[in-house]
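Structural characterization, general
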Amino acid sequence: MTSIVLVTDCSVNKARDILMQFDSQSLWLYLYFPTLQLDSIERSVLNDQSHAHKQAQQQAIAIYQSASNQLVQVNQVAFDRGLRTGMGLAKASLLHSDLQLHEYNPGVEENGIEQIAQRLYMLTSDIALAPPQGLIIRVQRMLHLYQNLENYWRILQYCLADFDVQYHAACAYSIQAAKLLALHGKRVITTERKTIHQQLAACRLAISDMDHKDIDKLERIGIRTFEQLSKVPIAEVANRVSRHSMKIVNELRGQAPAQVKFYQPASEFHDYLELLYEIENTEKLLVVIKRSLHKLEQFLYVRNARSMHIGIDLYLREKAPMKLEFTSALPIYRQEEWLDIIALKLERVQLTSPTHAIEMHCLKYEVTPIANDDLFTKKSQHIAGLSLISRLVSRLGESKVANVQFHSDFRPEYASRVCSIDKTKAQLDVSLQVDRPGILLPQPQPLVAEVTVIKGPERVVSGWWDDDEITRDYFIGEDEKGQQLWIFKTPDHQWYVHGFFV
Amino acid sequence: MNPILHELQNKQWVWSATSAKQQEQQKPTSTGFATLDQALNAGFPRAGMIHVQSKLGCGEFQLLLKIIQQQDSDQRHRFWVIVSPPGNVNAEFLLNHNVDLARLLVIHKTSDEEALWATEQCVKSGACAGIFMWHKSLTHLQIRKLEIAAQQGKSYCIWFDNSEHMRTNLPLNLSLTLQRNGEQVNVNINKQKHGWAKAPVKLPLPLHCRQRFRAKQRQRIAQADVVNLHSR
């Protein structure tokens, strides 16, 4: 079976935006995720062992759509209490007063869909998003790769199991048919047209993509299911319904090509996570961050990339989001390494208000060059050095970890400078004075002890050009305790200690 | 593992690359002074903590900097870290002692707690050849912790102690007291892990100008002994 690909947009370069049309010979798979938002909330609870989480697991949760004043998703606990989708808020709260309600947010589901698509993209090539709750996959080409539909479906199931979401899947030879089957919750995984047609026959048209007006019209003449529809001549139907609905009818019958835009994986990493309850303690936040890091690790791993910089936005209650930036001195991708850096920095962060959501993003990453490390090279130590520096900087702050640099200046205060790590330049040939102390006092202190002069004087007159002129006679002195001091005399015969010969 | 190989290994008939490294590790580092090497049973241990008690400014840092100079070439890429120095570290002094400034980190303006944390991190990371720290006093537990970390990371943890009173009963492997006496530094070995107690060692640690002065003097004496045959 060959499929004809008609490219409607002629610019081949913009491959992303091309709308593709297919004939009715391709097999499609539709994945319908009825409770995606609910699943994403429940998932954030699972696997955590703390007491608060266990409590939350017993909680009846429902997703509520305020526009229609209906519950749109209920979890198992809520279902057992008699709550059903489509109920109004008043009835629901009467049935169960302790119900935890979340506002329906299509954004969360779109995000979830995209994440699933991203993972499936590793296994299958042609995926189209049908937000907020659906995914369309073109199976036809994959059949050859995976030999048959059973193998292919098993692998997809395995991948979907990781997400721990509810889904209905159905195959058909048109997108609309597959969608209708999936919306009915029918599990049709087959390549046989006959079986598909049988299953489709009983499907109600009410939940298809047709205009509501047209659905009503067809209902009035007794057409409720696909079977009834297929018995009516097509011209009869065409007279009654709009052009849009007609297109859907044709697609359902397998007589019109489908149009889809295929998914391309994102080039940047974004992960938004709504928290089940607000967190004030940064330590608890780490548990949540770890989940996002796990996703980041997978994202980078499949791209063979590493990153040096990630950002986390903490969404605070009644406050502007807190933006935190984390930097590593060398590119890394493993979650443990990131967690190390994040934990150290978070220790110093004070949350001014409880956090209700976090978002992690990684905009830049680099592809890891292929390198064969052998066991005894210095490379691993080089990496250990860089990771040590990032750990030190993230806990102590940049100002406390420094390099020392030498500048050719006769004034001791200027000759030696402390600078932050990445600003170090290679030392050129420098002319050095001998017999200089190891430790210089930040401010010269008046000399109080009695000292014997060993060496001196050495006159330093310099700095007339930048308003920090010094005129000093330096001596090396030793006191009776054996301490060697670097002392100087000012023109007005004041003595100061400036350093120690450590 | 293969039982034959296992047995051979038990008998130490099999040479492995890792054991070669260990043997090398155990070889002490020379102090740069023959007399001190002798007193310390061939030099400083290969890793671990060294306690140096002295007044500030006795040449203690200079003496221990010899460790950097004695370092093997394959250790050159490792960092040296100076933790909470009692003032600003002078770059000119370090360059005079052939220290590569790019491989030197300074951790300063920290609290005691932060300094200890940083020390432990550096020492155990394996990326540092050693650290020099100035610290007022360390407890029993802190010393044990740093010692284990230093052994683990195969690095030195050199503790400069400028306090007056003697410290006994601390779980140190090597403890020295330095006292300057003119151009010499008296090194008293308070404690070391192996061998008997040794008498104090006197090391010449003069200023650079004095070294030149001595060299000239020696030259003059040597020249005085030469009878010039072709003198006019």
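Predicted model only: the values in this text are computed from it and were never measured.

Rules of the game
- Residues numbered from 1 in each chain as written.
- Chains lettered and ligands numbered in written order.
- Predicted model: local features only at pLDDT ≥ 70, side-chain atom pairs only at ≥ 80, totals over all residues.
- Heavy atoms only, no water.
- Helix = DSSP H or I, 4+ residues; strand = E, 2+ residues; numbered from the N terminus.
- Contact = heavy atoms within 4.5 Å.
- Areas by Shrake-Rupley, 256 points an atom, 1.4 Å probe, with all protein chains shown as cover.
- Buried < 20%, exposed > 50% of the residue type's maximum accessible area, 1.4 Å probe, protein only.
- Pairing = 2+ DSSP bridges.
- Axes fitted to C-alpha atoms, helices over the stretch in contact; angles between N-to-C directions.
- Buried area = accessible area lost by both parts, 1.4 Å probe.
- Salt bridge = Lys/Arg side-chain N within 4 Å of Asp/Glu carboxyl O.
- Polar contact = N/O pair within 3.5 Å; in protein donor to acceptor, adjacent residues only side chain to side chain.
- Parallel < 35°, antiparallel > 145°, perpendicular 65-115°, else oblique.
- Nonpolar A, V, L, I, M, F, W, Y, C, P; charged D, E, K, R; others polar.
- pLDDT = per-residue confidence, 0-100.
- Core = buried A, V, L, I, M, F, W, Y, C linked by side-chain atoms within 4.5 Å.
- Right-handed = clockwise from strand over helix to strand, strands pointing away.
- Expected span 1.5 Å × (residues − 1).

With that settled, the discussion passes to the overall build of chain A. The helix and strand tally for chain A stands at 17 helices and 22 strands. Counted over contacts in chain A with a minimum sequence separation of 6, partners at least 24 positions apart contribute 59%. Just so you have it, chain A exposes about 26,700 Å², and 50% of that area is on carbon and sulfur atoms.

What follows concerns the overall build of chain B. Check the secondary structure of chain B and you find eight helices and nine strands. Expressed as a percentage of the 232 residues in chain B, the buried residues total 48%. Taking all contacts inside chain B whose residues are at least 6 apart in sequence as the whole, residues at least 24 apart take part in 65%. By element, 52% of the accessible surface of chain B is carried by carbon and sulfur atoms, the whole surface being about 12,400 Å².

Right, let's get into the sheet that holds strand E2 (residues 79-83) of chain B. Hydrogen bonds along the backbone pair up the strands of a sheet, which may run parallel or antiparallel. Spatial strand order, E17(A)-E16(A)-E4(B)-E2(B)-E5(B)-E6(B)-E1(B)-E7(B)-E8(B)-E9(B): ten strands in an open sheet with mixed pairing. Only two strands of the sheet have a single partner each, and these edge strands are strand E17 (416-420) of chain A together with strand E9 (201-204) of chain B. Direction aside, the axes of adjacent strands within the sheet are offset by 25° on average. Each of strand E1 (48-53), E2, strand E5 (128-134), strand E6 (156-161), strand E7 (174-181), strand E8 (184-192) and E9 of chain B touches helix H4 (residues 60-70) of chain B; the most contacted strand, E6 of chain B, lies at about 175° to it. Running at roughly 130° to E1 of chain B, helix H7 (residues 140-153) of chain B makes contact with E1, E5 and E6 of chain B of the sheet.

As a further point, take the interface of chain B and chain A. Between chain B and chain A, the contact holds 53 residues from the first and 48 residues from the second. With both chains or domains summed, chain B and chain A bury close to 4,700 Å², and 63% of this area falls on carbon and sulfur atoms. In terms of surface lost to chain A, no three residues of chain B exceed Glu 92, Trp 117 and Leu 207 of chain B, which account for 15% of the buried area on that side. Our count for the contact surface shared by chain B and chain A stands at two salt bridges. Connecting chain B to chain A are 18 residue pairs in polar contact (both at pLDDT 80 or more). Here the element with the most residues in the side of chain B that touches chain A is helix H6 (residues 112-125) of chain B; it accounts for seven residues. In terms of strand pairing, strand E16 (residues 401-406) of chain A meets strand E4 (residues 104-107) of chain B through two bridges, oriented antiparallel. Bridged to Ala 402 of chain A within E4 of chain B is Val 106 of chain B.

All names here are of chain A. For the pair helix H1 (residues 36-43) and helix H5 (residues 106-120), the least separation of the axes is 8 Å and the interaxial angle reads 80°. The angle between the axes of H1 and H5 places the two elements in the roughly perpendicular class. Touching Leu 36, Gln 37 and Ser 40 of H1 are Val 108, Glu 109, Gly 112, Ile 113 and Ile 116, all from H5. Here the residues of the contact of H1 with H5 are counted per class, giving four nonpolar, three polar and one charged.

As a further point, take the confidence of the model for chain A. Residues and elements named next belong to chain A. Mean pLDDT for chain A: 84, with 88% of residues reaching 70 or above. Within chain A, strand E22 (residues 495-500) carries the highest mean pLDDT (94), whereas strand E1 (residues 6-7) carries the lowest (38). Confidence drops under pLDDT 50 across residues 1-17; counting only partners more than four residues distant or on other chains, this segment forms 24 contacts.

The next point concerns the sheet that holds E22 of chain A. Read from one edge of the open sheet, six strands run E19(A)-E20(A)-E21(A)-E22(A)-E18(A)-E3(B), paired in antiparallel fashion. Each edge of the sheet is formed by a strand with only one pairing partner; in this case those strands are strand E19 (451-462) of chain A together with strand E3 (88-89) of chain B. By the bridge criterion, six bridges tie strand E20 (residues 470-479) of chain A to strand E21 (residues 484-489) of chain A in an arrangement that is antiparallel. If you follow Glu 478 of chain A over to E21 of chain A, its bridge partner there is Gln 484 of chain A.

Another aspect to go through is the environment of Phe 33 of chain A. Residues and elements named next belong to chain A. Mapped onto the fold, Phe 33 is located in the loop between strand E3 (28-32) and H1. In this structure the C-alpha to C-alpha distance between Phe 33 and Pro 132, which are 99 residues apart in sequence, comes to 8.8 Å. If we ignore the near neighbours within four places in the chain, the residues touching Phe 33 are Ile 113, Ile 116, Gln 133, Leu 135, Leu 160, Val 165, Gln 166 and Tyr 167.

Moving on, we come to the environment of Thr 282 of chain A. Residues and elements named next belong to chain A. Looking at where Thr 282 falls in the secondary structure, it is placed in helix H14 (residues 282-302). Look at Thr 282 and you get buried, because its relative accessible area is 15%. When the C-alpha atoms of Thr 282 and Thr 355 are compared, they prove to be 9.5 Å apart, with 73 residues separating the residues in sequence. If sequence neighbours within four positions are ignored, Thr 282 has contacts with Leu 346, Val 349 and Leu 351.

In this model, Pro 131 of chain A is joined to Pro 132 of chain A through a cis peptide bond whose omega is 5°. Even without a glycine there, the phi angle at Asn 41 of chain B is positive, about 55°. Checked against the element boundaries, Asn 41 of chain B lands in the loop between helix H3 (34-39) and E1. Backbone geometry places Lys 154 of chain B, a non-glycine residue, at a positive phi of 50°. Following the sequence through the fold, Lys 154 of chain B ends up in the loop between H7 and E6.

A few words on the nonpolar core. Core analysis: the biggest nonpolar cluster contains 63 residues, and Leu 29, Leu 31, Phe 33, Ile 116, Leu 120 and Leu 135 of chain A have the highest contact counts within it. Dropping the residues within four chain positions of it, Ile 116 of chain A is found in contact with Phe 33, Leu 36, Leu 135, Leu 160, Phe 163 and Val 165 of chain A. Phe 475 of chain A together with Ile 50, Ile 67 and Leu 95 of chain B belong to the second-largest nonpolar core, a separate cluster that totals 51 residues.

On to the confidence of the model for chain B, then. Taken as a whole, chain B shows an average pLDDT of 84; of its residues, 89% reach a score of 70 or greater. Taken element by element, chain B is modelled with least confidence in helix H2 (residues 17-26) of chain B, mean pLDDT 56, and with most confidence in E6 of chain B, mean pLDDT 94.

Next up on the list: the pairing of E6 of chain B. Residues and elements named next belong to chain B. The buried count for E6 comes to six of six residues, which makes it a mostly enclosed element. Where burial is concerned, the two faces of E6 agree: the one with Tyr 156, Ile 158 and Phe 160 and the one with Cys 157, Trp 159 and Asp 161 are both buried. Where E1 and E6 come together, six bridges link them in parallel fashion. Among the inter-strand pairings, Gly 48 is bridged to a residue of E6, identified as Tyr 156. In this sheet, E6 lies alongside E5 in parallel orientation, the contact comprising five bridges. Residue pairing for E6: Met 133 is matched across the bridge by Trp 159. Crossover E5 to E6 through H7 is right-handed.

With that out of the way, let us pick up H6 of chain B. Count 3.6 residues to each turn of an α-helix, and residues three or four apart come out pointing the same way. Residues and elements named next belong to chain B. If you check H6, its first and last C-alpha atoms are 20 Å apart, about what 14 residues at 1.5 Å a residue would give, namely 20 Å. Across the 14 residues of H6, ten count as buried, placing the element largely inside the fold. All of the buried residues along H6 are Glu 114, Ala 115, Leu 116, Trp 117, Ala 118, Thr 119, Glu 120, Gln 121, Cys 122 and Val 123. After H6 finishes, the residue Gly 126 shows a positive phi value of roughly 85°.

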